[in-house]
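Here are the chains, one letter per residue:
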Amino acid sequence: MTRKILMHVGPVTIDYEVLAAGLRGDTGFTSQEFIYAMSYSLKFLRKLMGADQSYQPFIIPGGGTSAMESVTSLLRRGDKVLVVSNGVFGDRWKQIFNRYSVAVDVIKAEPGEYVKPDDVEKAVKEEKYTLVAMTHVETSTGVRAPIAEIAKRIRDKVELIAVDGVSSVGAESVKTKELSIDVYLTASQKAIGVPPGAGLLVLSERAVSRLSDESVAGYYLNLKNWIDVMRNLEDEKGSYFATLPVHLIFMLAKSFELIEKEGLENRIKRHERVAQGIRAGIESMGLDIVARRPEAYSNTVTAVMVKKVNPAEVLKAVIPEGLELAPGVHPALAGKYFRIGHMGWVNQNDVITTIAVLERVLKRLGEPVNLGEGVRAVQLTFT
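The structure displayed is predicted, hence computed values, not measured ones.

### A few points about the overall build of the protein
Okay, so step 1: What the protein contains, in helices and strands, is 13 helices and 15 strands.
Okay, so step 2: Against the globule reference of 21 Å for 383 residues, the protein gives a C-alpha radius of gyration of 21 Å, in line with a compact fold.
Okay, so step 3: Here the protein, with 383 residues, has 60% of them falling under the buried criterion.
Okay, so step 4: Considering only intrachain contacts with a sequence separation of at least 6, the fraction spanning at least 24 residues in the protein is 74%.
Okay, so step 5: Within the structure as shown, the protein displays about 15400 Å² of accessible surface, and the carbon and sulfur contribution to it stands at 48%.
Okay, so step 6: For the protein, the distance from the average position of its 48 positive side-chain charges to the average position of its 46 negative side-chain charges is 2 Å.

### Considerations on the environment of Ala109
Okay, so step 1: Mapping Ala109 onto the fold places it in the loop between strand S4 (103-108) and helix H5 (117-126).
Okay, so step 2: Spatially, the C-alpha atom of Ala109 lies 5.0 Å from that of Asn86, the residues being 23 residues apart in sequence.
Okay, so step 3: Residues within four places of Ala109 in sequence aside, it is in contact with Ser85, Asn86, Tyr114 and Val115.

### What to know about the sheet that holds strand S10 (residues 197-203)
Okay, so step 1: Ordered in space as S2-S10-S9-S8-S5-S3-S4, the seven strands form an open sheet in which the pairing is mixed. For this open sheet the edge positions go to strand S2 (56-62) and S4, each flanked by a neighbour on one side alone. Each neighbouring strand pair of the sheet contributes to a mean axis angle of 20°, computed without reference to strand direction.
Okay, so step 2: Along the sheet, helix H9 (residues 246-262) contacts S2 and S10; its crossing angle with S10, the most-contacted strand, is approximately 60°.

### Let's talk about helix H2 (residues 32-49)
Okay, so step 1: In this model H2 runs 26 Å from its N-terminal to its C-terminal C-alpha over 18 residues, within 8% of the 26 Å that 1.5 Å per residue would give.
Okay, so step 2: When you tally the buried positions in H2, you get 13 out of 18 residues, the bulk of the element.
Okay, so step 3: Gly50 sits one or two residues past H2 and shows a positive phi near 65°.

### Comments concerning the packing of helix H12 (residues 348-365) against helix H13 (residues 373-382)
Okay, so step 1: It is at 8 Å that the axes of H12 and H13 come closest, and there the two elements cross at 165°. The orientation of H12 relative to H13 falls into the category roughly antiparallel. Note on packing geometry: the crossing formed by H12 with H13 is right-handed. For the pair H12 and H13, contact is made by Gln348, Val351, Ile352, Ile355, Ala356 and Glu359 and by Glu373, Gly374, Val375, Val378, Gln379 and Phe382, respectively.
Okay, so step 2: Of the residues in the contact of H12 with H13, the class split is seven nonpolar, three polar and two charged.

### Topic: the pattern of salt bridges
Okay, so step 1: Evaluation of the coordinates by the stated rule reveals 28 salt bridges.
Okay, so step 2: As a salt-bridge pair, Arg360 and Glu321 come within 2.8 Å of each other at their nearest N and O atoms. Residue Arg360 is found in helix H12, and its partner Glu321 is found in the loop between helix H11 (311-318) and strand S13 (323-324); the two are separated by 39 residues along the sequence.
Okay, so step 3: Judged by its relative accessible area of 26%, Glu321 is partly exposed.
Okay, so step 4: Salt bridges linked by common partners bring Asp118, Glu121, Lys125, Glu149, Arg153, Asp156 and Lys157 together as one network.

### So, unusual backbone geometry
Okay, so step 1: Residues Gly10 and Pro11 are joined by a peptide bond in cis, for which omega reads 5°.
Okay, so step 2: Position of Pro11 among the secondary structure elements: in the loop between strand S1 (5-6) and helix H1 (16-21).
Okay, so step 3: In this model, Ser180 sits at a positive phi of 55°, which is unusual for a non-glycine residue.
Okay, so step 4: Judged by relative accessible area, Ser180 falls into the partly exposed class, the value being 30%.
Okay, so step 5: The phi dihedral of Glu236 is positive, around 65°, even though this residue is not glycine.
Okay, so step 6: By secondary structure assignment, the location of Glu236 is in the loop between helix H8 (227-234) and H9.
Okay, so step 7: A relative accessible area of 37% places Glu236 in the partly exposed class.

Quick notes on the rules
- Residues numbered from 1 in each chain as written.
- Predicted model: local features only at pLDDT ≥ 70, side-chain atom pairs only at ≥ 80, totals over all residues.
- Heavy atoms only, no water.
- Helix = DSSP H or I, 4+ residues; strand = E, 2+ residues; numbered from the N terminus.
- Rg over C-alpha atoms; globule rule 2.2 N^0.38 Å.
- Buried < 20%, exposed > 50% of the residue type's maximum accessible area, 1.4 Å probe, protein only.
- Contact = heavy atoms within 4.5 Å.
- Areas by Shrake-Rupley, 256 points an atom, 1.4 Å probe, with all protein chains shown as cover.
- Lys, Arg positive; Asp, Glu negative; His and termini not counted.
- Charge placed at Lys NZ, Arg CZ, Asp CG, Glu CD.
- Pairing = 2+ DSSP bridges.
- Axes fitted to C-alpha atoms, helices over the stretch in contact; angles between N-to-C directions.
- Expected span 1.5 Å × (residues − 1).
- Parallel < 35°, antiparallel > 145°, perpendicular 65-115°, else oblique.
- Left-handed = near helix turned anticlockwise from the far one by under 90°.
- Nonpolar A, V, L, I, M, F, W, Y, C, P; charged D, E, K, R; others polar.
- Salt bridge = Lys/Arg side-chain N within 4 Å of Asp/Glu carboxyl O.

Right, dumping it as C-alpha cells:
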C-alpha cells in the first residue's frame, strides 16, 4: 500500500503521538486526567496566541466556524461591523453576521490580493464600527494579510478587532497582546496538527466586558455561557455547560506539549522554510501562484494556477501516487487552480515528494512544466 502524504489545507497529517493520546475508553469530562489536560491546553493557548494573563482563553466544540460565530457574543442589536475580506473565508464573516441583527459592511480584495491598510483605515474614519473582523491567512487563496499594520492603523478608531487565525496560528507570527487585538481565533485541525472538533480563541478584557445578556448570540456558541467553565477548568476544577470533545482535548494537550518541546519560534521557522520550498518548486516548474505579492505569501497554504489541465484531474491523479492536495474554492478562480497545504507536522521530505509527484502528474496530463526543475529548486532551497 502506498503511504499517503496529506498536503491538504485541513485536516492535516496527525502525529502518531497526538493520535495515541486520544485512545482512551474510560475517561469522561469529570475525570482528573481530562481536567488537567484542559487546564494545560487553556494556559498554553495564551502562549500560542501571543497573549498574556489579561486574555481569557476558550476551547469550544466545533471548529473555526464555531469560533467565528461565537464572536457574535460580543455584539448587541444595532451594532455595526466591518468585514475585511480577502476571499471565501473572509466572506464567511459576512455570512455569519448577516444572520444576526447587526449592520454589516464589507471591503473586498481581488483574488490573490489583500485589502490595503489605507482602505481599512479610510473605512473606519468614515463610519463608526463596533467591530472590525479580518482574516490573517485566507485559506482559499493562500494570501497573508498585513494584520499588524492594519491593527495599528485602526486600534484607536474601533472598539473591537477580531482576527480569524484558522490558517495561521501555530505557523505564523501571532502577537495578539502586542497589537491589542481583542479576539484571535483558530481551529484544531490546521497548523496545530490535531483532528477537527474544536474552536480555540482568546478574548481581551475589553472583549470579555462585552459579554452580557444583551448579546445577539444564541445559546450554544454564546461565550457568556462558557466563560465560567473555562475559568474553572483552567483552575483545575470540574465544570460543565455542554460536553466538550474530551478525547480531542487529550490530543490537543499532547500537540501543545510537542509544540512546546519544538519551540514556537522554531515551529514558525520550519513552516516558513517548508513554504519557501513549495514556492520554489512550483515557480521553477513554470507555474504561477495565486498570491500576487511576495509579502502576501503564507507559511501554510500555496494556491497554484494551471494553464491547460483541469485541476480536478490533477487532484484525482495524485492520489494513486500517494499524495492528497486540496481543491480550489474561490468562485472567481473556479477550474483554474488547486491548493497545497503545508502546515502542522509537515517536513522538508514531504515538500520534495509533493513537488516530484506534481511534476510527473502534470507532465502526464499535458500541463507545460519544466520537468525536474521543481525538485532541483526545492533541493537547492533546502541545501
